[in-house]
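Spelled out, the chains give:
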Amino acid sequence: MRVYFLSCVPAALKLNGLYLGTVDGFERHVELDKADKVFAEIVPCDNLQSVNFILDENFFKAPPKFADVYMLEGDALVYIREYAPKDMTLKVIYQTRFAGNLVTVFSQGNLYLSIEGAEYSLTNLSPQFAKLTADIKTISGRSVLAISAGNKLIIISENGKIVFYNTAEETEFGDGLKLCAPFETCTAAKAECRFSYDGEKLELVSSRTVETRPPEAEILHFAFFESVLTCGDFKQYLAAELLPKANNLKSYLGNFISVTVPTEKFYALHGETLAAGLVYPVSENLYEVKYFAVELDDGKISNLYPVE
């Protein structure tokens, strides 16, 4: 089988002790047999700790927590999502008291948010929270603590619960909560969302997806699948004969969670098909990629089918 390697930071790849080069955000691949039980070691830059594992049947059925595995028509892609830092020193980044709760953001290897009040919680944070801002805001007349870092937002209620932790831009607090949630799509789509708040939970009241730029002709099929995924106006990509079936598309395509570009091997086998890989969750950290292709008629999708 062909195994592709990706890494969240540049790293050295070793298989059975043999250095094979570096891996990063661009795919590198090797041909191997799972029955050979190849020992893999990946050594990252930035003084992070290396990871190692055996490439065998068990690995491809139940990946370790630091790796995401995508099964690709008999092949596999291994993405090393995180590495543990070597510096385990405890560092307090931010601390405050809010509504009787002690809220602390700290690093000890990774970043964490702890909330101590009537109850205690500990939450892993993304690395960008190493630099944050925090303010007390009001939603529907109730105070909340808003912690922001880049385009990430955490909202903590007065009873010490995290009621929101997600990507957010253009946030507006007041009579409810309004925000834009950007998607990583080729049309730079954003979800414009409005929430109500009762002091304990945020509830989505309305949402619409807006595509902020048109896709280039050669990636129109990717834009279409992304529009289906993000609940955008995907009907704009369909030819007239497919419009009556538009409402059945979501059930036909299934519960995919992202859209990816086919591999070089896919194009070698199937030619220059207008296809995209749809990613489906199988279990924790394990995904299956299924390929769907389209046919165009005057710039509109006139046919849609799975690639066998």
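Now for a description of the structure that goes with this document. Numbering of residues starts from 1 in every chain and runs along the sequence as written. Under the rules for a predicted model, residues below a pLDDT of 70 receive no local features and side-chain atom pairs below 80 are neither given nor counted, while totals for whole chains, interfaces and linings still include all residues. Derived side-chain values reflect all non-hydrogen atoms in the structure, with water molecules and hydrogen atoms excluded from consideration.

1. Some details on the packing of aromatic side chains
Here is step 1 of the chain: Ring geometry is summarised as follows: Phe, Tyr and Trp rings, the Trp one being its six-membered ring, pair when their centres sit within 6.5 Å, and such pairs are stacked at plane angles under 30 degrees, edge-to-face over 60 and tilted between the two. Throughout the structure, instances matching the rule amount to 13 aromatic pairs.
Here is step 2 of the chain: Residues Y70 and Y287 carry aromatic rings whose centres are separated by 4.9 Å and whose planes lie at 20° to one another, so their mutual orientation is stacked. Of this pair, Y70 sits in strand 7 (residues 67-72) while Y287 sits in strand 23 (residues 286-297), and the two are 217 residues apart along the sequence.
Here is step 3 of the chain: Three labels apply to residues, based on accessible area from a 1.4 Å probe with only protein chains included: buried if under 20% of the type maximum, exposed if over 50%, partly exposed otherwise in between. Given a relative accessible area of 15%, Y287 falls into the buried group.
Here is step 4 of the chain: Both rings, one in F266 and one in Y291, keep their centres 4.4 Å apart while their planes meet at 35°; by these two values the pair is tilted. In this pair, F266 sits in helix 4 (residues 264-270) while Y291 sits in strand 23, placing the two residues 25 residues apart along the sequence.
Here is step 5 of the chain: Joined through ring pairs, the aromatic side chains of F53, F59, F60 and F66 make up one cluster.
Here is step 6 of the chain: Charge over a ring is defined by NZ of Lys or CZ of Arg lying within 6 Å of the ring centre and within 35 degrees of the ring normal. When the ring centre of Y280 is taken as reference, the NZ or CZ atom of K290 above it lies at 4.9 Å. To qualify as a helix, a DSSP run of H or I must reach at least 4 residues; to qualify as a strand, a run of E must reach at least 2; elements of each kind are numbered from the N terminus.

2. Some points on the pattern of salt bridges
Here is step 1 of the chain: Any Lys or Arg side-chain nitrogen located within 4 Å of an Asp or Glu carboxyl oxygen qualifies as a salt bridge. One pass over the structure, following the stated rule, counts twelve salt bridges.
Here is step 2 of the chain: The salt bridge involving E119 is made with K161; its shortest N-O contact spans 2.6 Å. With E119 in the loop between strand 11 (110-116) and strand 12 (120-125) and K161 in the loop between strand 15 (152-156) and strand 16 (162-167), this pair connects stretches of sequence that are 42 residues apart.
Here is step 3 of the chain: Here E119 falls in the exposed class, since its relative accessible area comes to 54%.
Here is step 4 of the chain: In this structure K161 comes out as partly exposed when scored by relative accessible area, which is 36%.
Here is step 5 of the chain: Two residues, E170 and K190, come together in a salt bridge whose shortest N-O distance is 3.4 Å. Highlighted residues: E170 in strand 17 (residues 169-174) and K190 in strand 19 (residues 190-197), separated in sequence by 20 residues.
Here is step 6 of the chain: Classification of E170 as exposed rests on a relative accessible area of 57%.
Here is step 7 of the chain: Judged by relative accessible area, which is 22%, K190 ranks as partly exposed.

3. Remarks on the sheet that holds strand 13 (residues 133-139)
Here is step 1 of the chain: We treat two strands as partners when DSSP finds at least two bridges between them. As summarised here, the arrangement of the four strands in space is 13-14-15-16, forming an open sheet in which the pairing is antiparallel. At either margin of the open sheet sits one strand with a lone partner, and together these are strand 13 and strand 16. Across the sheet, the axes of successive neighbouring strands diverge by a mean angle of 20°, strand direction being ignored.
Here is step 2 of the chain: Here strand 13 pairs with strand 14 (residues 142-149) via seven bridges, running antiparallel. Bridge assignment links I139 to a residue of strand 14, and that residue is R142. To define axes, lines are fitted to C-alpha atoms, for helices over the stretch in contact only, and angles between the resulting N-to-C directions are given on a 0 to 180 degree scale.

4. Observations regarding the state of the cysteines
Here is step 1 of the chain: Cysteine sulfur atoms that come within 2.5 Å of each other are treated as a disulfide pair. Counted by the stated rule, this structure contains zero disulfides.
Here is step 2 of the chain: Unpaired in terms of disulfides, C193 finds its nearest cysteine sulfur in C180, a separation of 7.7 Å.

5. Some details on the pairing of strand 15
Here is step 1 of the chain: Most of strand 15 sits inside the fold, with four of its five residues counted as buried.
Here is step 2 of the chain: Adjacent in sequence and paired antiparallel, strand 14 and strand 15 are bridged by two residues, among which G150 carries a positive phi angle near 60°.
Here is step 3 of the chain: The sheet contact formed by strand 15 and strand 16 spans five bridges and is antiparallel. The partner of L153 across the bridge, within strand 16, is N166.
Here is step 4 of the chain: Taken together, strand 15 and the strand that follows it, strand 16, pair antiparallel across an intervening segment of five residues, in which G160 is found at a positive phi of about 80°.

6. Here we look at the sheet that holds strand 6 (residues 51-55)
Here is step 1 of the chain: If you walk across this open sheet you meet the four strands as 3-2-5-6, and the pairing is antiparallel. Edge positions in the sheet fall to strand 3 (18-23) and strand 6, since each of these pairs with one other strand and no more. Within this sheet the neighbouring strands show an average axis-to-axis angle of 25°, counted without direction.
Here is step 2 of the chain: Looking at chain direction, strand 2 (residues 11-15) and strand 3 are connected through five bridges and run antiparallel. Its bridge partner lying in strand 3, A11 is registered against V23.

7. Considerations on helix 2 (residues 220-229)
Here is step 1 of the chain: The element helix 2 is extensively covered by neighbouring structure, given that nine of its ten residues are classed as buried.
Here is step 2 of the chain: Within helix 2, burial applies to L220, H221, F222, A223, F224, F225, E226, S227 and V228.
Here is step 3 of the chain: Contact definition: two residues touch when any of their heavy atoms are within 4.5 Å. The inward-facing, buried residues of helix 2 abut helix 3 (249-253), strand 21 (258-260), strand 22 (275-283), strand 23 and strand 24 (300-306).
Here is step 4 of the chain: Downstream of helix 2 by a residue or two, C231 has a phi angle that is positive, lying close to 60°.

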